[in-house]
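Coordinate analysis (summary)
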Amino acid sequence: MDRFDLHTKILIGGDALGQMLRQMKRIFIVTDKFMHESGRVSYLTDQITTPGAEYRIFSDVTPDPDIDLVTAGVSHILDFKPDAVIALGGGSPIDAAKAIVYFAAQQFDLRDCPFIAIPTTSGTGSEVSKFAVITDRARGIKYPLIADSLLPDYAVLDAELTRSVPPGVTADTGIDVLTHAIEAYVCTEANTFTDALAEKAVKLVDKYLLTAYREPDNLEARQAMHNASCLAGAAFSNAGLGLCHSMAHALGAQAHIAHGRANAILLPYVMSFNAGCETTLTPTAGRYAELAALIGMGASSTRQSALNLIHMVRRLETQMKMPLSIKDAGISAADFDAMLDTLADAALADRCMATTPIPCSREDIVSLYRQAYAKNSRRSLQ
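Below you will find a few notes about this structure.

1. Examining the sheet that holds strand S3 (residues 54–61)
The strand order across the open sheet formed by six strands is S1-S8-S5-S4-S2-S3, and the pairing between neighbours is parallel. One side of each edge strand has no neighbouring strand; the edge strands of this open sheet are strand S1 (9–12) and S3. Strand-to-strand, the axes of this sheet are offset by a mean angle of 20 degrees, without reference to chain direction. Of the strand pairs in this sheet, strand S4 (residues 84–89) and strand S5 (residues 115–119) are connected by five bridges, and their pairing is parallel. Residue pairing for S5: Gly89 is matched across the bridge by Pro119. Where helix H8 (residues 219–239) meets the sheet, it contacts S1, S5 and strand S8 (154–157), and its direction lies at approximately 155 degrees from that of S8.

Rendered as structure tokens:
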């Protein structure tokens, strides 16, 4: 049975936020130290003007939020007892807030406490997904939490908040959007509704990502990428993801490579594997070919069309000066060899493997990591 659910109400632009805030008296804000100390959290606090209204800022969120941070956040939220929770920031603050609300709700009634997510980067789609990724630093593992109750009640998409995002982060998060859309499109739980969202996200990335990277103040491109991130987030929240994300979760936890960058390094190799470019073409190659045709890169054969989409990914990464290998991301050969077994085991156990389109073995995963380490390009990537 197919299923599609979009619990989150999406507000585009910041105008409606002030109206919502005027109805709230106790607001718990989850963000990071940069947003707090730089004063950018004033985007929210300046609009909290209702007499008697109070807010508390929990700004301890760091990249790859971990179990200890979530535990601390739960303690704060139980002490403050808010009537609204707002996450402001990139994927880490939103994921942290989702996990905090999820576990706090098991101890305190939050059913009448709206949860609002306001992304400041265009990448994770966390504002509309039922996923949250939390790190166990002691074990070097990232855990994707998956539950309908993780979905925010509202998402505010305001491109003004992304204007100051550095080009490198725009690149990392932009390829994360593309990875979400491509994996959602080919995964085993894809359906007509998720396809429509993924297709539009791919078209927007193809048209606007380089402009957003090269022209940071271009608000048309910024808003388009913000919208693409949300569309792709809704697609994968309903359809699932696949092998690239499983491998990227493991690589990020072990090598401390930003999630979008890890996806970018791995995506061409995973796509080639899924398509069967070096062996026998799979049905997934046909799905890649459909996306290639959608952005004007279709060819006379399914194989070439799929390759064109893979080349499009690699070309975008090259134009945005992204590392094309794990080695280029600063990981030594000795460190890579030491972590390879752990990477393979963690990727194979990752929950995103449940919807990957082509069955793969531990040996396949090891091979893909090795290819991606030093850009050992197969012919399909040349």
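2. Description of the pairing of S8
With four bridges connecting them, S1 and S8 associate as parallel partners. Bridge pairing links Ile12 to Leu157 in S8. As paired elements, S5 and S8 share two bridges and run parallel to each other. Residue pairing across strands places Ala117 opposite Ala155, the latter belonging to S8.

3. Side note on the side chain of Asp136
With respect to the element layout, Asp136 can be found in strand S6 (residues 131–136). We note that Asp136 is buried and unpaired, the nearest opposite charge coming from Arg139 at a distance of 4.5 Å. At 3.2 Å, the side chain of Asp136 and the backbone nitrogen of Ala138 are in polar contact. Those residues in contact with Asp136 that sit more than four places away from it in its chain are Ile67, Ile141 and Tyr143.

4. Quick word on the packing of aromatic side chains
Here the distance between the centres and the angle between the planes together describe a pair of aromatic rings. Following the criterion strictly, the structure yields six aromatic pairs and no others. With centroids separated by 6.4 Å and ring planes inclined at 40 degrees, the aromatic side chains of Phe28 and Phe80 adopt a geometry described as tilted. With Phe28 in strand S2 (residues 26–32) and Phe80 in helix H4 (residues 67–80), this pair connects stretches of sequence that are 52 residues apart. Classification of Phe28 by relative accessible area gives buried; the value is 0%. When the ring of Phe336 is compared with that of Tyr373, the centres are 4.5 Å apart and the planes differ by 25 degrees; the resulting orientation is stacked. Of this pair, Phe336 sits in helix H13 (residues 333–349) while Tyr373 sits in helix H14 (residues 362–373); the two residues are 37 residues apart in sequence, bridging distant segments of the chain. Residue class for Phe336 comes out buried when judged on its relative accessible area of 3%. Each residue in the set Phe28, Phe58 and Phe80 is aromatic and connected to the rest through ring pairs, giving one cluster. The ring of Tyr185 carries Arg287 above its face, with NZ or CZ at 3.8 Å from the centroid.

Cut-offs used in this document
- Counting starts from 1 at the beginning of each chain's written sequence and moves along it residue by residue.
- Local features in a predicted model are, by the rule used here, given only for residues with pLDDT of at least 70; side-chain atom pairs are given and counted only at 80 or more, and totals for whole chains, interfaces and linings are based on all residues.
- Excluding hydrogens and water, the side-chain values take into account all heavy atoms of the structure.
- DSSP calls a pair of strands paired once it identifies at least 2 bridges connecting them.
- Only runs of H or I of at least four residues qualify as helices and only runs of E of at least two qualify as strands under DSSP, and these elements are numbered from the N terminus.
- All axes here are fitted lines through C-alpha atoms, helices being fitted over the stretch that makes contact, and every angle between N-to-C directions spans 0 to 180 degrees.
- Contact between two residues is taken to exist if any of their heavy atoms lie within 4.5 Å; hydrogens are not considered.
- Throughout this description, buried means an accessible area under 20% of the type-specific maximum (1.4 Å probe, protein chains only), exposed means over 50%, and partly exposed covers the range between.
- Positive charges come from Lys and Arg alone, negative charges from Asp and Glu alone, with His and the N- and C-terminal ends not counted.
- Salt bridge criterion: a side-chain nitrogen from Lys or Arg within 4 Å of a carboxyl oxygen from Asp or Glu.
- Between N or O atoms, a polar contact is any pair within 3.5 Å; within protein, one atom must be a potential hydrogen donor and the other a potential acceptor, and residues adjacent in sequence are included only when both atoms are from side chains.
- Two aromatic rings from Phe, Tyr or Trp, using only the six-membered ring of Trp, form a pair when their centres are within 6.5 Å; if the ring planes differ by under 30 degrees the pair is stacked, by over 60 it is edge-to-face, and anything between is tilted.
- Geometrically, a charge over a ring is one whose NZ (Lys) or CZ (Arg) sits within 6 Å of the ring centre while staying within 35 degrees of the ring normal.

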